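# Report on the structure
So the chains spell out like this:
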Amino acid sequence: MSDAIVVLNAGSSSVKFSLFVERAGALEPDIRGQVEALFTTPHFVAKGPDGVVLSEKTWAGGVALGHDGALEHLLGVLRERLASDRLVGVGHRVVHGGALYDRPVRIDAEVLADLRRFEPLAPLHQPHNLAPIAAILERAPDLPQVACFDTSFHRSNPALAQMFGLPYEMFEQGVRRYGFHGLSYEFIASVLPATDPAAATGRTVVLHLGNGASMCALAGGRSVASSMGFTAVDGLMMGTRTGSLDPGVVLYLMTERGMDARAIEKLIYNQSGLLGVSGISSDMRTLLASPEPRARLAVDLYCYRIRRELGSLVAALGGVDAIVFTAGIGENSAEIRSAICRDAQWLGVELDEAANAAGASRISAPGSRVSVWCIATNEELMIASHTRQLLAT
Ligand code: ADP
């Protein structure tokens, strides 16, 4: 009988899960999958490590399964799968740990109440992240749960990097730059020593380019600055999010266009970015394949914003030794990596086009002053490792 850990990532309309089983002292991925469209046409799928579908279920349209229903189905599937193994804990991805939680934490009722206080800081994510935690606390209070935060990794940022030019009391009250995608950056930092020892002790900029996108400056493997701020809408332009936006635009939309907070939230989170600029899609693959000039424009703006933000993070580090691409676009699009590296030639970046096209791990030319890497991120493994570590102590 082996120990098993399940990792949950609950969003507004889906619950993603990954199961890890401990074998020979290492956490090995077992099944993974999700329940999506929780409130419209719920669909569940679980796949084995080889990607083969092992279990699937579709509910009739109009069935509002919700987080509770999804969790119940999921626990049933896990119980069956774990017939000969023992579920020892659940690790949760939680977007916000506030200024205090600089590391994962074992959850009890008190911690859960604490995490609820951060809901106003991430209203689109935090309540959904916490929903399965509360449900498990109620149904299986003896099953250990651990919360791992997207913000924790950035708590090592110096105070200056966490401050806005607002009255100081606001910083003390929590209006500060938190930074996100921390579990992804922590994973990259954890594999850097084996990949590029010089970068691990030196200055590295990591580009996490998925539907959500951000960049992080690592000094000796610790985060010293990142492109996201108080919320995950800041920094780079993303699939549907604006990225950095002059707050004067928001004031203008409110006073001159009569838009309220909800309408602006929808605009800056769901209707902007690649989707808003192109008018076609938020999906990078679709835009790269499109002959439409506005698709090209959206891709060009995407890369231009990365070019500007890269300069900013390199300035925060006082130079750069390595650049790492990760997440959906970073791991898979040779074209975007190539465009970004062309823009970064002034920093001493020289791309090996053949290695890049082949999807190699090291994609910089042998003589490049800055080494460039393409590394698949693994936030789920990070959460599972934290959970196992915390439960062992
Ligand atoms: P999420 O933030 O939802 O986890 P992902 O990390 O999966 O997102 O990234 C999704 C993005 O990656 C989409 O824009 C998708 O088009 C893009 N992507 C995936 N594969 C490729 C590819 N081969 N070429 C270009 N873009 C890709």
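Here the structure is shown first, and the text comes after it.
Residues numbered from 1 in each chain as written. Predicted model: local features only at pLDDT ≥ 70, side-chain atom pairs only at ≥ 80, totals over all residues. Heavy atoms only, no water.

### Section: the overall build of the protein chain
Counting secondary structure elements, the protein chain contains 16 helices and 13 strands. For 393 residues, the compact-globule formula gives about 21 Å, and the C-alpha radius of gyration of the protein chain, at 21 Å, lands near that figure. Overall, the C-alpha framework of the protein chain stretches about 55 × 55 × 45 Å when taken along its three principal axes. Among the 393 residues that make up the protein chain, the fraction classed as buried is 51%. Partitioning the contacts of the protein chain with sequence separation of at least 6, the portion at a separation of at least 24 is 62%. Only carbon and sulfur atoms are counted for the fraction: they give 53% of the accessible area of the protein chain, which is about 17,800 Å². For the protein chain, the distance from the average position of its 34 positive side-chain charges to the average position of its 41 negative side-chain charges is 2 Å. (Helix = DSSP H or I, 4+ residues; strand = E, 2+ residues; numbered from the N terminus. Rg over C-alpha atoms; globule rule 2.2 N^0.38 Å. Buried < 20%, exposed > 50% of the residue type's maximum accessible area, 1.4 Å probe, protein only. Contact = heavy atoms within 4.5 Å. Areas by Shrake-Rupley, 256 points an atom, 1.4 Å probe, with all protein chains shown as cover. Lys, Arg positive; Asp, Glu negative; His and termini not counted. Charge placed at Lys NZ, Arg CZ, Asp CG, Glu CD.)

### Comments concerning the site of the ligand
In the vicinity of the ligand, the contacting residues are Gly 210, Asn 211, Gly 212, Asp 283, Met 284, Arg 285, Leu 288, Ala 327, Gly 328, Ile 329, Asn 332 and Ser 333. Taking Asp 283, its side chain carries an N or O atom lying 2.5 Å from an oxygen atom of the ligand. Within the backbone of Arg 285, one N or O atom sits 3.2 Å away from an oxygen atom of the ligand. Relative to its unbound accessible surface of 590 Å², the ligand loses 69% to contact with the protein. Only α11 (284-289) and α13 (327-332) provide two or more residues apiece to the shell around the ligand. Per-element tally for the shell around the ligand: the top contributor is α13, with four residues. Grouping the amino acids of the shell around the ligand by side-chain chemistry returns four nonpolar, six polar and two charged. (Near = heavy atom within 4 Å. Polar contact = N/O pair within 3.5 Å; in protein donor to acceptor, adjacent residues only side chain to side chain. Nonpolar A, V, L, I, M, F, W, Y, C, P; charged D, E, K, R; others polar.)

### What about the packing of helix α6 (residues 182-195) against helix α16 (residues 379-392)?
Put simply, α6 and α16 touch, their axes get as near as 8 Å, and they point 85 degrees apart. Here α16 runs roughly perpendicular to α6, going by the angle between their axes. Of α16, the residues touching α6 (which contributes Leu 183, Ser 184, Glu 186, Phe 187 and Ser 190) are Glu 379, Leu 381, Met 382, Ile 383 and His 386. Per-class residue counts for the contact of α6 with α16 are five nonpolar, three polar and two charged. (Axes fitted to C-alpha atoms, helices over the stretch in contact; angles between N-to-C directions. Parallel < 35°, antiparallel > 145°, perpendicular 65-115°, else oblique.)

### Considerations on the side chain of Gln 126
Mapping Gln 126 onto the fold places it in helix α3 (residues 126-139). Here His 96 takes part through its backbone nitrogen, which lies 2.9 Å from a polar atom of the side chain of Gln 126. Sequence-distant contacts of Gln 126, defined by excluding residues within four places in its chain, comprise Val 94, Val 95, His 96, Leu 115, Phe 118 and Glu 119.

### Some thoughts on the pattern of salt bridges
Scanning all chains against the criterion turns up 18 salt bridges. Linking Arg 93 and Glu 379 is a salt bridge whose minimum nitrogen-to-oxygen distance equals 3.3 Å. With Arg 93 in strand β6 (residues 86-94) and Glu 379 in helix α16, this residue pair connects regions lying 286 residues apart in the sequence. Assessed through its relative accessible area of 17%, Arg 93 is described here as buried. Among the ionic pairs, Glu 309 bridges to Arg 305, the shortest N-O distance being 3.6 Å. Of this pair, Glu 309 and Arg 305 are both found in helix α12 (residues 293-317), four residues apart, which corresponds to roughly one turn of the helix. The buried category is assigned to Glu 309, whose relative accessible area is 12%. (Salt bridge = Lys/Arg side-chain N within 4 Å of Asp/Glu carboxyl O.)

### Points about the environment of Leu 301
Counting through the fold element by element, Leu 301 comes out in helix α12. Owing to a relative accessible area of 33%, Leu 301 belongs among the partly exposed residues under this scheme. Residues Leu 301 and Leu 236, 65 residues apart in the sequence, show an inter-C-alpha distance of 9.9 Å. With residues near it in sequence (within four places) discarded, Leu 301 still touches Met 237 and Val 277.

### Details of the sheet that holds β6
With mixed pairing, the eight strands of this open sheet are ordered in space as β5-β4-β3-β2-β1-β6-β8-β7. The strands lining the two open edges of the sheet, one partner per strand, are β5 (53-58) and β7 (105-106). Here eight bridges tie strand β2 (residues 15-23) to strand β3 (residues 26-36), and the two strands are oriented antiparallel to one another. For Ser 18, the partnering residue across the bridge sits in β3 and is Arg 32. In the packing of α3 onto the sheet, the strands contacted are β1 (3-10), β6 and β8 (145-149), and the crossing angle to β6 comes to about 155 degrees. (Pairing = 2+ DSSP bridges.)

### Brief notes about the sheet that holds strand β12 (residues 322-326)
Sheet architecture is open: five strands sit in the order β11-β10-β9-β12-β13, paired in mixed fashion. Every interior strand has two partners, whereas the edge strands, β11 (222-226) and β13 (371-374), have only one. Direction aside, neighbouring strands of the sheet carry axes that sit 25 degrees apart on average. With four bridges connecting them, β12 and β13 associate as parallel partners. What sits directly across from Val 324, in β13, is Trp 373.

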